[in-house]
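The residues making up each chain are set out below.
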2 protein chains.
Amino acid sequence: MHGANRDYNGMDGVGEQAGERAREREGTAAGLNDTLARLVASLVVVRCSGHLADGQRRYPRWELDNATLQRLLSAGVGGVILLGGSAAELRLRTRQLQAWAATDLLLCADVEEGVGQRFDGASWLVPPLALGRLHGDDPGAAEELAERYGRCSGREARALGLNWVLGPVCDVNNNPANPVINVRAWGETPASAGALAAAFVRGAQAEGVLCCAKHFPGHGDCASDSHLELPLLPLSRKRLEAVELPPFRAAIAAGVSSVMTAHLLLPELDRERPATLSAAVLTGLLRHDLGFGGLVVTDALVMEAITAHHGAGEAAVLALEAGADLVLMPADADTAMAAIVAAVEQGRLKRERLEASAERRRLALASLQGNSLAPAGSVAEACPEPLGSLAAASCRATDASEPLGPLSNGPISADQQLALELVQRSLLHQGGRVTLPAGSPGAAPAINLIRVDTALGCPFLQPTAPALTRATAAGFRTVVLDGCSPSPWRVRPAAVSDPGAQEPGLAAPVAANGTSIATDGPLDLPRLGEGPVLLQLFVRGNPFRGSAAGREPWEAVIRQLQASGRLAGLAVYGSPYLWESLQPLLEDGIPAAWSPGQMPLAQAELLAALGLGTPAGRGVGFTD
Amino acid sequence: MHGANRDYNGMDGVGEQAGERAREREGTAAGLNDTLARLVASLVVVRCSGHLADGQRRYPRWELDNATLQRLLSAGVGGVILLGGSAAELRLRTRQLQAWAATDLLLCADVEEGVGQRFDGASWLVPPLALGRLHGDDPGAAEELAERYGRCSGREARALGLNWVLGPVCDVNNNPANPVINVRAWGETPASAGALAAAFVRGAQAEGVLCCAKHFPGHGDCASDSHLELPLLPLSRKRLEAVELPPFRAAIAAGVSSVMTAHLLLPELDRERPATLSAAVLTGLLRHDLGFGGLVVTDALVMEAITAHHGAGEAAVLALEAGADLVLMPADADTAMAAIVAAVEQGRLKRERLEASAERRRLALASLQGNSLAPAGSVAEACPEPLGSLAAASCRATDASEPLGPLSNGPISADQQLALELVQRSLLHQGGRVTLPAGSPGAAPAINLIRVDTALGCPFLQPTAPALTRATAAGFRTVVLDGCSPSPWRVRPAAVSDPGAQEPGLAAPVAANGTSIATDGPLDLPRLGEGPVLLQLFVRGNPFRGSAAGREPWEAVIRQLQASGRLAGLAVYGSPYLWESLQPLLEDGIPAAWSPGQMPLAQAELLAALGLGTPAGRGVGFTD
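Basis of the calculations
Residues numbered from 1 in each chain as written. Chains lettered and ligands numbered in written order. Predicted model: local features only at pLDDT ≥ 70, side-chain atom pairs only at ≥ 80, totals over all residues. Heavy atoms only, no water. Pairing = 2+ DSSP bridges. Helix = DSSP H or I, 4+ residues; strand = E, 2+ residues; numbered from the N terminus. Salt bridge = Lys/Arg side-chain N within 4 Å of Asp/Glu carboxyl O. Buried < 20%, exposed > 50% of the residue type's maximum accessible area, 1.4 Å probe, protein only. Domains from an automatic or database assignment. Buried area = accessible area lost by both parts, 1.4 Å probe. Polar contact = N/O pair within 3.5 Å; in protein donor to acceptor, adjacent residues only side chain to side chain. Nonpolar A, V, L, I, M, F, W, Y, C, P; charged D, E, K, R; others polar. Lys, Arg positive; Asp, Glu negative; His and termini not counted. Axes fitted to C-alpha atoms, helices over the stretch in contact; angles between N-to-C directions. Parallel < 35°, antiparallel > 145°, perpendicular 65-115°, else oblique. Left-handed = near helix turned anticlockwise from the far one by under 90°. Contact = heavy atoms within 4.5 Å.

**Brief notes about the sheet that holds strand β3 (residues 106-109) of chain B**
All names here are of chain B. One open sheet holds the 5 strands; their spatial order is β4-β3-β2-β1-β8, and the pairing between them is parallel. Single-partner strands in this sheet number two, and they are β4 (164-165) and β8 (327-328). One ladder, built from 2 bridges, connects β3 with β4; its direction is parallel. Residue pairing in the sheet places Ala 109 in a bridge with Val 165 of β4.

Here's what the structure looks like:
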């Protein structure tokens with residue numbers, strides 16, 4: 001289906017369409033412009049919220065309001081990327097968008113960790129790196145799980161009206177300091193990343209959605225974030241062939257429908273233009289050398305790496321000139337479309353080039369037909385019941401004293417089983433169970449110290465989260481630390497050299513309020529309270545936010561708590577690198593665990609391993 | 001429609017039904033039991049989440065899972081109270097519930113401050129006390145607004161599939177220390193509360209939903225919370241007639257369909273039983289003396305005030321014995337239904353009594369027929385577009401530097417106009433605009449100090465909230481204080497009498513970690529940072545949480561900040577009592593404002609008045 005296609009005329013089976021379009025070109029100038037405008041619009045993908053009402057938008061700065069959306073869709077804009085909202089809302093939203101659209105839409109989302117990562121109520125799976133780690137021990141098992149991961153993601157995406165999953169990430173996370181890829185990668189080696197990304201593609205596309213290998217030619221070996229700046233990778237072509245390109249080759253061999261570009265400057269390939277805007281990369285490397293004939297889509301043109309150097313119109317034109325088919329999230333859609341139309345009228349862009357892109361788009365959509373969607377309008381179709389039911393169990397099993405009542409959920413669905421299996425297989429645990437001082441829970445003080453990037457709006461730390469409820473049930477008082485909380489740190493005395501050795505390689509720790517943190521005994525423990533401390537760290541590399549946790553002295557905190565016998569237990573959710581830096585410091589018998597996942601299900605299983613509450617997968621209503 | 005009805009035989013126009021039921025009674029014992037079981041079930045109202053999937057439940061302890069829900073509904077349970085989820089999900093959910101049900105359902109929610117208070121995406125209105133305050137100055141305006149408030153609430157509730165609004169609160173908030181009613185009341189005097197509650201009823205019921213006057217005979221003069229314990233009101237009948245009962249009389253005169261009981265002990269009326277379980281109150285006072293013939297529903301029987309003293313079955317039987325028609329949220333539905341059936345079989349409860357209740361229920365539902373619902377299945381019907389669009393403007397207008405782009409929302413809907421008008425009319429402002437030290441925003445440190453009850457899951461403090469974004473845009477760094485943050489307080493030195501006078505009547509301030517707070521200069525300012533402080537306090541009496549803020553020394557904080565010239569501004573959202581205690585302490589010229597509302601729209605208008613960002617009601621896209 002995706003053979004090497006370098007020009008429009010060489011494409012099979014499109015003679016009819018070619019003729020039709022030629023006839024259209026012979027029409028009036030006005031008709032020609034309308035057709036050109038619609039052609040251009042069909043290659044643009046804009047962003048909106050999964051919520052139905054404008055007022056519910058989480059990112060109103062980036063998400064179009066409904067009036068603008070309707071206008072653009074009726075003008076022929078061909079794709080929408082969605083973020084935010086529940087699974088139930090998404091189903092209504094995708095239908096609403098298609099109703100507004102003048103053409104069959106590409107409806108996509110960054111479904112990298114299950115649909116539930118983005119849309120509440122669907123399955124939320126552990127990050128891909130969990131399987132990347134497993135691949136080293138048991139490649140067959142990891143690949144089987146990755147394919148099921150793809151199937152789950154594709155099936156749920158399709159059920160909710162999406163037809164294009166913007167995954168798998170094909171970047172190789174061989175740089176632990178990478179703030180933007182990190183646990184999103186399927187592996188830290190080319191072999192594992194490639195095998196697992198390909199398995200994901202097979203699974204998801206078998207369920208009737210398009211996939212997208214990203215971010216070409218590879219964003220793994222990077223210590224900066226293209227959302228914030230333009231990273232530079234001084235890698236040779238030879239090095240790319242050895243490390244970055246293999247996963248993309250594997251995904252292409254597996255039939256991936258689309259490839260997304262990276263906003264990276266690779267001077268060895270193109271001294272001037274980032275990959276997204278580089279003919280050397282998109283046409284030379286991807287189309288010619290790798291032989292990819294499917295859809296090439298840019299990463300979001302609204303990202304700082306692009307907008308810092310190019311206007312909305314110019315960036316879009318450059319991307320198409322370089323060989324992209326689809327323009328994702330132009331900084332301004334009208335500006336971008338007008339600029340592209342002007343570029344065609346001025347002869348800078350060939351119309352045939354755009355028609356070839358439109359044809360690839362049409363073929364991609366056509367490849368999905370024949371898969372039957374659930375009947376429109378049925379409530380069951382709006383939100384398939386098994387979605388998220390296992391998360392229910394993880395929340396229900398939080399309180400050992402809670403009467404379970406007449407619960408009966410029946411057998412677990414395949415997706416629920418997968419989500420649980422992924423959590424269980426990737427969980428690391430040592431040191432036994434958390435114990436508290438004798439006495440009823442709550443009698444003696446004990447602190448549940450939780451660290452997250454941002455508490456407000458945190459999707460995995462709603463009030464029912466097991467990390468909160470299970471600790472409370474066991475008698476801990478919760479203290480939450482994030483970027484907006486009063487500083488919990490002791491201030492570093494000025495002009496005094498602290499006896500505590502600063503961790504080599506660690507930037508001098510600084511609190512959010514700007515003060516330096518004492519390297520010895522960094523936590524202001526009296527301020528937090530008395531008693532044993534259960535430390536729960538939610539840390540993963542995140543786009544935009546980077547590794548704020550890298551400035552926080554958690555190693556010194558572990559030492560501080562152990563020195564006073566106050567470390568009741570350690571839970572790390574997300575970054576394996578943080579776990580690997582803290583775990584060696586733990587005294588024998590300190591209960592500790594790591595999960596790559598941060599979602600409630602992962603919290604439930606991890607805390608159960610630490611002796612707090614029951615595992616989500618056992619209990620009333622589950623076949624075991 | 002609601003005449004005085006003391007027994008089944010006296011009801012007009014029910015001869016046919018009486019005969020039919022008599023024939024049913026002559027059936028087999030098994031048939032009799034089935035009919036009895038269904039009759040009993042029809043009088044029970046259970047609780048579920050507005051979300052579709054079990055895993056999305058916010059309160060899994062209180063909300064039935066779908067399997068149990070389906071079972072109970074197919075067994076004839078006659079009502080469901082919903083909480084949680086978006087407006088879009090609610091529409092699907094109500095249809096799902098009705099599909100599962102064996103009978104026409106009562107579908108209700110505590111829609112006291114607009115549907116948007118409970119279901120994201122609908123209109124979220126200022127608390128009723130805002131109009132109670134206005135009534136003192138301009139009763140006509142307040143009553144007109146209250147009727148529009150009712151219309152908005154009723155219209156949106158109906159559009160989303162609800163047919164029963166559990167409001168208006170008819171309690172008179174004549175006790176500022178009331179932690180559970182507070183701003184939920186329509187007035188602090190019987191006259192204002194009555195006039196406005198009646199206006200609300202007229203508006204809402206005209207839109208085709210049932211209303212509910214609560215909590216009978218009046219929960220206003222109370223310093224404790226019946227969610228947590230059984231309050232005692234030592235009020236005479238004479239006093240009740242003067243203060244508590246008039247709003248209920250007014251609502252009944254306005255035709256309110258139902259009345260909800262209060263879990264209060266009024267020894268002057270009944271020495272033993274709380275109102276909910278008292279024949280003297282429900283039958284003697286409400287039915288006989290006030291002549292109410294509509295539906296009497298209990299407050300939730302799962303509340304501590306009841307469960308501390310009665311089992312699930314007994315509480316339900318007692319309530320029906322006392323004269324209630326409907327049992328809301330029994331601690332366990334199956335137990336309650338079995339107990340009621342047994343009580344009938346044992347002759348403790350007369351079957352005719354229950355049949356009279358069922359007939360009232362039937363008449364109430366019948367009164368709603370003839371109002372046409374939006375066509376099922378249409379997306380527009382699932383979530384009417386105007387809902388919440390004004391909230392969009394308040395979030396969009398947050399960043400003065402943000403390019404507004406091609407926005408066009410058209411004219412504001414009546415509901416949007418009402419929400420805005422309510423915020424504008426209830427906003428109090430003094431002292432001008434917040435100014436920062438010269439220099440670009442962010443150059444000099446400045447702190448946006450926000451206080452909320454609970455940051456995690458806070459519905460009005462999502463990351464896009466104007467209280468966050470507008471302050472950030474102006475150069476402030478945000479610090480959020482809540483029950484789980486590290487203590488921001490200075491510890492009170494032991495055994496030292498502080499020169500700062502402790503506020504009379506204020507309990508000694510205590511931090512969440514148990515330490516005493518210094519009364520002079522209570523905030524540990526160096527810990528929070530340098531620079532001017534914009535103080536934003538979100539405080540209102542809340543069920544369950546009471547007045548935690550009552551232990552926080554905000555008066556002393558105001559003094560502390562002013563003494564060092566660091567108070568950049570004060571915003572109080574919610575409690576007029578807190579505003580009235582702090583406002584007199586402000587130095588001339590300190591920018592300060594109060595809104596009774598905490599929602600984003602209120603934040604936007606208040607901060608605009610303080611010079612931070614533009615008002616939500618002005619700007620691109622709004623007719624002005």
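**Thoughts on the pattern of salt bridges**
Applying the stated criterion across every chain yields a total of 58 salt bridges over all chains. Ionic pairing is found between A:Glu112 and A:Arg184, a salt bridge with its closest N-O pair at 2.8 Å. In this pair, A:Glu112 sits in the loop between β3 (106-109) and α5 (129-137) while A:Arg184 sits in the loop between β4 (164-165) and α7 (190-206), placing the two residues 72 residues apart along the sequence. The class for A:Arg184 is buried, based on a relative accessible area of 10%. For B:Arg362, the salt bridge is made with B:Glu359, and the minimal N-O distance between the two is 2.8 Å. With a gap of 3 residues between them, B:Arg362 and B:Glu359 both fall in helix α14 (residues 351-366), about one helical turn apart. The class for B:Glu359 is buried, based on a relative accessible area of 1%. By sharing partners, the salt bridges in this structure join A:Asp110, A:Glu112, A:Arg184 and A:Lys214 into a single network.

**A closer look at the domain arrangement of chain A**
Residues and elements named next belong to chain A. Its domain assignment divides chain A into domain 1 (16-395) and domain 2 (429-609). Buried area between domain 1 and domain 2, summed over both chains or domains, comes out near 2,000 Å², and the portion from carbon and sulfur atoms is 65%. Put simply, domain 1 and domain 2 have 2 salt bridges between them. The interface formed by domain 1 and domain 2 contains 4 residue pairs in polar contact (both at pLDDT 80 or more). Listing elements by their share of the side of domain 1 that touches domain 2, those giving two or more residues are α5 and α16 (389-396). A per-class count over the side of domain 1 that touches domain 2 returns 13 nonpolar, 4 polar and 6 charged.

**A closer look at the side chain of A:Arg470**
All names here are of chain A. Considering the arrangement of structural elements, one finds Arg 470 in helix α18 (residues 466-473). Buried and without a salt bridge, Arg 470 has Glu 605 as its closest oppositely charged side chain, separated by 6.5 Å. There is a polar contact of 2.9 Å between the side chain of Arg 470 and the backbone oxygen of Leu 612.

**Looking at the packing of helix α6 (residues 139-159) of chain A against helix α17 (residues 414-426) of chain A**
Helices that pack against each other are described as a pair by the angle of their axes relative to one another and the distance between those axes. Residues and elements named next belong to chain A. Closest axis-to-axis distance for the α6/α17 pair is 10 Å, and the angle between their directions is 140°. Looking at the two axes, α6 sits oblique to α17. Considering the relative orientation of α6 and α17, their crossing is left-handed. Of α17, the residues touching α6 (which contributes Ala 141, Leu 145, Arg 148, Tyr 149, Cys 152, Arg 155 and Glu 156) are Asp 415, Leu 418, Glu 421, Leu 422 and Arg 425.

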